[in-house]
Amino acid sequence: MTGQAALTPHGATPGAAPAPRIAAPTDWRGEAMRRRIARRYAAERRFRLMGLAAVLLSAGFLAFLLVTMVGNGARGFTRTQIALPIDFQRSAILIDPALLTGGNAEQALAGANLPAVIDKAAETAFGENGARMISPAAQTAVRKAIIADPAILTGTATITVPASEGIDVAAKGQGSAANEAAVARLQQAGALSTGLNLRFLTASDGTDPTLVGIWGALKGSLLTMAVTLALSFPVGVFAALYLEEYAPRNRWTDLIEVSINNLAAVPSIIFGLLGLAIFLNLMHLPRSAPLVGGMTLALMTMPVIVIAGRNAIKAVPPSIRDAALGIGASPVQVVFHHVLPLALPGILTGTIIGMARALGETAPLLMIGMRAFVASPPHGVMDPASVLPVQIFLWSDEVGHGFIEKTSAAIIVLLAFLLTMNSIAIYLRNKFEKKW
Amino acid sequence: MADMQHIPNVKMSAQGVNVLYGEKQAIRDVSIEVDLENVTALIGPSGCGKSTFLRTLNRMNDTVSGARVEGRITLDGDDIYGADMDVVQLRARVGMVFQKPNPFPKSIYENVAYGPRIHGLAHGKADLDEIVEKSLRRAGLWDEVKDRLHESGTALSGGQQQRLCIGRAIAVEPEVILMDEPCSALDPIATARIEELILDLRGNYAIVIVTHNMQQAARVSQHTAFFHLGRLVEQGPTTEIFTNPREERTKDYITGRYG
């Protein structure tokens, strides 16, 4: 503050002669100068072209990824269907029609010998290999048809049922010769059609590719992300606020800062080991549960939020803090009325990055047992569940042809989830963004 | 050191104040009194400590780590650095207007209403509306903004923003208003409006203004203190300081020999 501003008066050196010109006047129009200008323009052009090339290259990669995924994955959302005539009168179906009118129709039909009835009908209609053309999912379709109209049990009905994996793949152009021939026969009979595979969006993992769905993994991801967000966002924001606004600057806070920065760079599988050691072995939480997955991913996401949060809080102009303190706002009021609202867009940006990374994370979740085969969607955070990236990993490992398109379809669902999550965050960020 | 002349109605008084930033002494043994009738101007070259001293009067230096204040500063006879002084309440009683206009990025209404709201000064919406209108009127801004109270305060011009900040300070009914070079970021017309405003406010509030502009000090203040290198070189009635300074350094400064 006390600069040694000496008492030097203005307008010193009276009477000093003007300095003599040493160099000749600059030749602004000369050849050398023109070349210099040309070089400068060339450098500008080069720089612009390089930037443009970088942008185009990344756009190209992205477009390639999207086209491949959508090309392969779109088929995962459709299925091949067969119109199967079933003569209920002649098939020995074991069911009491009186039960079908009550609320327990599903249960009653589940006890009936529908699979055998379907197999028999398929063999009658399409020859001795008929049963192998029908997916195990057919009984759901038949059950629905019976419940919708129990009267069909007294006669013959044609029900559209999903085809088996072999027929489905062959109809989409990649099957074996035998299946190709079967498809040709079915096509001639006019029994083949293509429909929307709603089952893929409502079912969970299974052994047959015509049976599997993504809903279980999607719900698992939703629950896991909810746990991650609920833990990492408040903890991260409060840690950032404390470190920026309250913590004294000393060796300990430096140490904490370095630790947090390093934590953000730790490979994710190590967080998985940490989760395994602490949440499963020490705290005995259930294996494979979204709660444990969410807690493990929260450990990983928190440092990202702390770092982004601290930067955002630092970027709030000090004049706003002064203004609030100057009219008698307490430190807590300064933080919650002024600093936090202004820092929120930046904090949300960090949260987007952290959550996006957590959503796509597989390795730490494998460590805590989330690679289990889970055939029903979780009902809560304590139920065993799968998550989207792990489900993709598991399906990509399957040998069946039918699983290839399911893998791509699951990737599309994962990307759609990611885009939705980010859109919400970006919407919120823009809503809170203010100018000062 | 200039002699201490007695001023009636003393609102704030500083005696033997030192301010240290770590090892560095920014202010050395400053004593001054601030009263209700007169506007006090603090003048001096850059880095002379006048802003630092101003910020000790409402303890804004508390937020600077390593800053230490010695000596005694009182408000109505109570030591503001004493154990039973609540710093938050002190800052409501001793308001501050900063060098750069710093409205909150909220609406004009919210800017003014914020102080009364956090201190519980308004009872109900109608009461708050009245406080906002009264404060903006006193800050000479009401007629310009009454139709757009809910537009952002940061969309106003620089001079209007500074008057908004003055209105915001007035809204909590302070006893003292500290102004830290309030016109340094403003054009001459906006400056003239702020100066008019200071003359209007005189008598209702004890006002201390730090300024680089000696004409401004001469126009708005009745009491002037000249700081140099962290020391209070000379203080007295403004007319006396500007026409007949006792100290050579004061004379050199106000005649523009250095600054």
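Residues numbered from 1 in each chain as written. Chains lettered and ligands numbered in written order. Predicted model: local features only at pLDDT ≥ 70, side-chain atom pairs only at ≥ 80, totals over all residues. Heavy atoms only, no water.

## A look at the overall build of chain B
Each helix and strand counted, chain B has 10 helices and 10 strands in total. Relative to the 2.2 N^0.38 estimate, which gives 18 Å for 259 residues, the radius of gyration of chain B is 18 Å and therefore close to what a compact globule would have. Here the C-alpha coordinates of chain B stretch approximately 55 × 45 × 35 Å along the principal axes. Counting across all 259 residues of chain B, residues that qualify as buried make up 56%. Expressed as a percentage of contacts within chain B between residues at least 6 apart in sequence, the contacts between residues at least 24 apart total 67%. As displayed, chain B offers around 10600 Å² of accessible surface, 47% of which is attributable to carbon and sulfur atoms. A distance of 4 Å separates the average location of the 29 positive side-chain charges in chain B from that of its 35 negative side-chain charges. (Helix = DSSP H or I, 4+ residues; strand = E, 2+ residues; numbered from the N terminus. Rg over C-alpha atoms; globule rule 2.2 N^0.38 Å. Buried < 20%, exposed > 50% of the residue type's maximum accessible area, 1.4 Å probe, protein only. Contact = heavy atoms within 4.5 Å. Areas by Shrake-Rupley, 256 points an atom, 1.4 Å probe, with all protein chains shown as cover. Lys, Arg positive; Asp, Glu negative; His and termini not counted. Charge placed at Lys NZ, Arg CZ, Asp CG, Glu CD.)

## Considerations on the interface of chain B and chain A
Taken together, the contacts link 37 residues of chain B with 26 residues of chain A. Carbon and sulfur atoms supply 63% of the area that chain B and chain A bury against each other, a total of about 2600 Å² over both sides. Between chain B and chain A we count zero salt bridges in total. If you look at where chain B meets chain A, you find five residue pairs in polar contact (both at pLDDT 80 or more). Going through the elements one at a time, strand 2 (24-35), helix 1 (50-56), helix 2 (87-93), strand 6 (94-97), helix 3 (108-118) and helix 6 (158-170) of chain B are the ones with two or more residues in the side of chain B that touches chain A. (Buried area = accessible area lost by both parts, 1.4 Å probe. Salt bridge = Lys/Arg side-chain N within 4 Å of Asp/Glu carboxyl O. Polar contact = N/O pair within 3.5 Å; in protein donor to acceptor, adjacent residues only side chain to side chain.)

## Focus on the domain arrangement of chain A
Residues and elements named next belong to chain A. Each domain of chain A was delimited in the assignment, giving domain 1 (37-74), domain 2 (78-197) and domain 3 (215-432). When each unit is reduced to the centre of its C-alpha atoms, the spacing between domain 1 and domain 3 is 31 Å. Between domain 1 and domain 3 the total buried area reaches about 440 Å² when both faces are included, carbon and sulfur atoms providing 80% of it. The largest share of the area that domain 1 buries against domain 3 comes from Met69, Asn72 and Gly73, three residues that together contribute 79% of it. Our count for the domain 1 to domain 3 interface comes out at zero salt bridges. Residue composition of the side of domain 1 that touches domain 3, by class: four nonpolar, two polar and no charged. (Domains from an automatic or database assignment. Nonpolar A, V, L, I, M, F, W, Y, C, P; charged D, E, K, R; others polar.)

## Remarks on helix 3 (residues 114-126) of chain A
Residue and element names in this part refer to chain A. Under the 1.5 Å per step criterion, the end-to-end length of helix 3 is 18 Å for 13 residues, consistent within 8% with the ideal 18 Å. Regarding helix 3, the residues found buried are Leu114, Val117, Ile118, Ala121, Ala122 and Phe126. Take helix 3 and look down its axis: the buried residues cluster within an arc of 130°, on one side only. Those residues of helix 3 that are exposed and angled more than 90 degrees off the buried face are Lys120 and Thr124. Lining the buried residues of helix 3 we find strand 1 (78-87), helix 2 (105-111), helix 4 (130-133), helix 5 (138-148) and helix 7 (177-189). Positive backbone phi, at 90°, marks glycine 127, one or two positions downstream of helix 3. (Expected span 1.5 Å × (residues − 1). Arc of directions from axis to C-beta.)

## Remarks on helix 4 (residues 125-138) of chain B
Each turn of an α-helix holds 3.6 residues, which means side chains three or four residues apart point in the same direction. All names here are of chain B. Taking 1.5 Å per residue as the helical rise, helix 4 with its 14 residues ought to reach 20 Å, and the 20 Å between its terminal C-alpha atoms agrees with that figure. Residues of helix 4 that are buried make contact with helix 3, helix 5 (142-145) and helix 6. A positive backbone phi angle near 70° is found at glycine 140, which sits one or two residues after helix 4.

## Observations regarding the packing of aromatic side chains
All names here are of chain A. Applying the stated criterion to the full structure yields eight aromatic pairs over all chains. Here tyrosine 242 and tyrosine 246 contribute two aromatic rings whose centre-to-centre distance is 6.3 Å and whose plane-to-plane angle is 20°, an arrangement assigned as stacked. Of this pair, tyrosine 242 and tyrosine 246 both sit in helix 9 (residues 215-246), separated by four residues, roughly a single helical turn. Residue tyrosine 242 is classed as partly exposed on the basis of its relative accessible area of 48%. Taking relative accessible area as the criterion, tyrosine 246 reaches 39% and is therefore assigned partly exposed. (Phe/Tyr/Trp six-rings, centres within 6.5 Å; stacked < 30°, edge-to-face > 60°.)

## What about the side chain of Gln25(B)?
Residues and elements named next belong to chain B. Its location among the elements puts glutamine 25 in strand 2. Engagement of the side chain of glutamine 25 in a polar contact is seen with the side chain of asparagine 18, the distance being 3.2 Å. Here isoleucine 27 takes part through its backbone oxygen, which lies 3.1 Å from a polar atom of the side chain of glutamine 25.

## Remarks on the sheet that holds strand 3 (residues 192-196) of chain A
Residues and elements named next belong to chain A. With respect to topology, three strands assemble into an open sheet ordered 2-1-3, the strand pairing being antiparallel. Strand pairing shows two members of the sheet lacking a second neighbour, strand 2 (156-162) and strand 3, which therefore form its edges. Strand-to-strand twist in this sheet, taken as the mean axis angle between neighbours without regard to direction, amounts to 40°. In this structure, strand 1 lies alongside strand 2, joined through seven bridges in antiparallel fashion. In the strand pairing of strand 2, leucine 84 is matched with isoleucine 159. In the packing of helix 5 onto the sheet, the strands contacted are strand 1 and strand 2, and the crossing angle to strand 2 comes to about 140°. (Pairing = 2+ DSSP bridges. Axes fitted to C-alpha atoms, helices over the stretch in contact; angles between N-to-C directions.)

## Some remarks on the pairing of strand 2 of chain B
Along any regular strand the residues' side chains alternate between the sheet's two faces. All names here are of chain B. Summarising burial for strand 2: nine of the 12 residues are buried, a large majority. In this structure, strand 1 (residues 10-21) lies alongside strand 2, joined through eight bridges in antiparallel fashion. Opposite valine 19, over in strand 2, you have isoleucine 27 as the bridge partner. The turn joining strand 1 and strand 2, which pair antiparallel and follow one another in sequence, is formed by two residues; a positive phi near 65° is taken by glycine 22.

## A look at a nonpolar patch on the surface
All names here are of chain A. A cluster of nonpolar side chains, namely Phe238, Tyr242, Tyr246, Val332 and Phe336, defines an oily patch on the protein surface of about 520 Å² accessible area. Elements that contribute at least two residues to the nonpolar patch include exactly helix 9 and helix 14 (331-359). Ranked by residues supplied to the nonpolar patch, first place goes to helix 9 with three residues. With respect to the secondary-structure elements, phenylalanine 336 resides in helix 14. (Patch = residues over 30% accessible without salt bridge, like charges linked within 9 Å, V, L, I, M, F, W, Y side chains within 5 Å.)

## Topic: the environment of Pro267(A)
Among the structural elements, Pro267(A) can be located in the loop between helix 10 (251-263) and helix 11 (268-282). When the C-alpha positions of Pro267(A) and Pro364(A) are compared, they lie 9.3 Å apart, and in sequence the two are 97 residues distant.

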